Protein chains: 2
Amino acid sequence: MNRIIHLKNRPEGTPQLDDFEFIEEEKPVAGDGEILLKSKFVSVDPYLRGRMRDQKSYVEPFRLNEPVESGIIAEIVESNNDNFKKGDFVNGMLQWKEFQTSTGKGLNKVDPEKASLSAYLGVLGLTGLTAYISLEHIGNLKNGETLLVSGASGAVGSTVGQIGKIKGCHVVGIAGTDEKLKLMKDTFGFDKGINYKTTDDMKKAIAEACPEGVDVYFDNVGGEILDAAMQNINENGRVINCGAISLYNKTEVPMGPRYEGIMVKKTVLMQGFLVRQHAKEFGPATKQLAEWLNEGKLTYEETIVEGFENIPQAFLDLFNGKNKGKMVVKI
Amino acid sequence: MNRIIHLKNRPEGTPQLDDFEFIEEEKPVAGDGEILLKSKFVSVDPYLRGRMRDQKSYVEPFRLNEPVESGIIAEIVESNNDNFKKGDFVNGMLQWKEFQTSTGKGLNKVDPEKASLSAYLGVLGLTGLTAYISLEHIGNLKNGETLLVSGASGAVGSTVGQIGKIKGCHVVGIAGTDEKLKLMKDTFGFDKGINYKTTDDMKKAIAEACPEGVDVYFDNVGGEILDAAMQNINENGRVINCGAISLYNKTEVPMGPRYEGIMVKKTVLMQGFLVRQHAKEFGPATKQLAEWLNEGKLTYEETIVEGFENIPQAFLDLFNGKNKGKMVVKI
């Protein structure tokens, strides 16, 4: 039999386990020109929450009573397609199914010799690409500048901070536990860390950690942490809006202090970033990331949850900050 | 005697006439290498409000009990400087004085034969340059796109809208009286106008006037009009934060709906713009504006108030929307 995870309800506020439903069906068979894939590693990501809304966005919303999809590393267990052979591993946007068939369209082969399979969902996948390409396009980091990162121990944030160090920046990270702060400094080489959960005055804490102000703020969270960063932004500062996890589960329109005064006065650049719009740059960007990885300039942390049945819980745990680094489910 | 206008108090909220003080002193004499200037046209601009705060910004705050300064066209009435001769007209950041001396530094000669003197404070001055250069850098208008402009009948806004038409855009303006709307359409060639004072639902009004959404929003006002524009912004939309006149006189931190969700979802670019950072481009930009002016593709409106003694009131009237186009005081 083949297990499948459907989206059963559109979550209201924080997603719940019963928004998902496990279905069983016959194990599929590869048709003519097709391959049969066995899921090995499933990526769970905060942005999936957006696709659970019935709302036009940059990707189509998930349909109710159909499988959720995300980045998955799969093994080819049958092949009727000359471009793929049994035993190959591929990376692509695939459905939350133990087994599925594919024509191979949109799948990229990955080499388990060059890096661990799960790394292709993280530092060498969309998360690493998000960090690298957004910093190239919007961050435009200069040697000696100050880079502030929220969600700093997470998959994207930790890569952003390390690239900041490679570029010669003063790098300050914001996270929600002292353990994460330690990880940021000891493993990822951040200069300073701020625990937003134990800090009353984030504006002041950022000012102290960034004595020359903030040149680039990489924002994974939005909300009050963004407010505090904006109060410390330098002239010609850049803000990369990569995520707004603090808002994703809100059911009312969140309010906050208006930024337009600061935008004008400090000539700030603020820009939303979606890595999918930059597919043409994936090749050279992955090459650079792999090079840094091999040179030991870049490292990564991952939280690997085991078992297909734990995919929904792993997704929910993202919103409780239970992951360190990239959250991946191993099947 | 020589009349001078000092900043007497830092305004709280809306500036008042008694925040300014008229002083008389001896008429100055041009020293060695200096010129004596007689003010002819004085520019009053919303951004001056910012300099009245005791707060670090992109330019130094005005000092109390010292003259206010702004863009001024002056006639040279005495010259001990070989670079300038009596009867020449110059443009520069000068003090609110009937007469003042200068070494000539930072002054540019203007030709009264090529355009009216006051145009050098408007369409051929910082206001026209603001419109042109910000659209080049941030707006990046493409033929067929929709450009929305607030403060649309004002000096900058009316030029922005006309450049939008030159670039082949659908141009929609927002202003506060039906008379201004008529001006926008009849004189400046905007496609549609929205009177924000008589419109209950700005989000809906923008949606109707911009059936294909908003690609570029040029914001002079901030606040709720920016909110409504953001609710209609297209994917990869650009927002030029040129001013936030709706906030300048606020004494508390203004609150509004958070934008970070839209920024991410629609990959919006939002950027503050200050024309002073682009001085290197003034030459070619002025040339292009003058060309369009001579070709009849660009026109301008100005409100000319007469009399040195009316400078403070003319400044205050900016916040009541009493000007059509560039507000200038003729001495």
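What you see is a predicted model; the values in this text were computed from it and never measured. (Residues numbered from 1 in each chain as written. Chains lettered and ligands numbered in written order. Predicted model: local features only at pLDDT ≥ 70, side-chain atom pairs only at ≥ 80, totals over all residues.)

Our focus in this paragraph is the packing of helix α2 (residues 126-139) of chain A against helix α8 (residues 282-294) of chain A. Residues and elements named next belong to chain A. Closest axis-to-axis distance for the α2/α8 pair is 10 Å, and the angle between their directions is 100°. One way to sum up the angle between α2 and α8 is to call them roughly perpendicular. When α2 is examined against α8, the residues Gly-128, Leu-129, Tyr-132 and Ile-133 are found in contact with a partner set consisting of Phe-282, Ala-285, Thr-286, Gln-288 and Leu-289. Of the residues belonging to the contact of α2 with α8, the class tally is six nonpolar, three polar and no charged. (Axes fitted to C-alpha atoms, helices over the stretch in contact; angles between N-to-C directions. Helix = DSSP H or I, 4+ residues; strand = E, 2+ residues; numbered from the N terminus. Parallel < 35°, antiparallel > 145°, perpendicular 65-115°, else oblique. Contact = placed C-beta atoms within 7 Å. Nonpolar A, V, L, I, M, F, W, Y, C, P; charged D, E, K, R; others polar.)

Residue and element names in this part refer to chain B. Note: strand β3 (residues 35-43) against strand β4 (residues 69-79), seven bridges, orientation antiparallel. Bridge pairing in β4 places Ile-35 opposite Ser-79. Of the pairings in the sheet, the one linking β4 to strand β5 (residues 89-95) comprises seven bridges and is antiparallel in character. Residue pairing in the sheet places Gly-71 in a bridge with Met-93 of β5. (Pairing = 2+ DSSP bridges.)

The subject of this paragraph is the environment of Ala155(A). All names here are of chain A. Looking at the element boundaries, Ala-155 is found in helix α3 (residues 155-166). Along the chain, Ala-155 and Lys-322 lie 167 residues apart, while their C-alpha atoms are 12 Å from each other. Excluding residues that lie within four positions of it along the chain, Ala-155 makes contacts with Gly-122, Thr-127, Gly-325 and Lys-326.

Another point: α2(A). Along an α-helix, residues three or four apart share an orientation, since each turn contains 3.6 residues. Residue and element names in this part refer to chain A. Within α2, twelve of the 14 residues are buried, which leaves the element mostly enclosed by the surrounding structure. For α2, the complete set of buried residues consists of Leu-126, Thr-127, Gly-128, Leu-129, Thr-130, Ala-131, Tyr-132, Ile-133, Ser-134, Leu-135, Ile-138 and Gly-139. Looking one or two places after α2, you find Asn-140, whose phi comes out positive at around 45°. (Buried ≥ 20, exposed ≤ 12 C-beta atoms within 10 Å, placed from the backbone.)

Bringing the nonpolar core into the picture now. Nonpolar side chains tend toward joint burial in soluble globular proteins. Counting residues in each nonpolar core, the largest one holds 196 residues, and the members touching the most others are Leu148(A), Ile206(A), Ala229(A), Val44(B), Leu148(B), Ile206(B) and Ala229(B). Residues contacting Leu148(B), with those up to four places away along its chain left out, are Val172(B), Ile206(B), Cys210(B), Val214(B), Tyr217(B) and Ala229(B). (Core = buried A, V, L, I, M, F, W, Y, C linked by C-beta atoms within 7 Å.)

Attention now goes to the interface of chain B and chain A. Each side of the interface is counted separately: chain B has 33 residues, and chain A has 33 residues. Elements with a contribution of two residues or more to the side of chain B that touches chain A: β12 (233-241), β13 (255-257), α7 (260-265) and β14 (269-272) of chain B. If one sorts the elements of the side of chain B that touches chain A by residue count, α7(B) sits on top with five residues. Here the residues of the side of chain B that touches chain A are counted per class, giving 16 nonpolar, eleven polar and six charged.

The next point concerns the relation of the copies chain B and chain A. Overlay of chain B on chain A (RMSD 0.0 Å): rotation 180°, translation along the axis 0.0 Å. Look at the turn and shift together and you get a two-fold axis relating the two. Interface residue correspondence from chain B to chain A reaches 100%, placing this contact among same-surface, isologous pairings. (Least-squares fit on C-alpha atoms with pLDDT ≥ 70 in both.)

Here we take up the domain arrangement of chain A. Interfaces are often sized by the accessible area lost when the parts come together. All names here are of chain A. The domains assigned to chain A are domain 1 (2-122 + 302-330) and domain 2 (126-276). A separation of 29 Å is found between the C-alpha centroids of domain 1 and domain 2. Each partner contributes residues to the interface: domain 1 has 15 residues there, and domain 2 has 17 residues. (Domains from an automatic or database assignment.)

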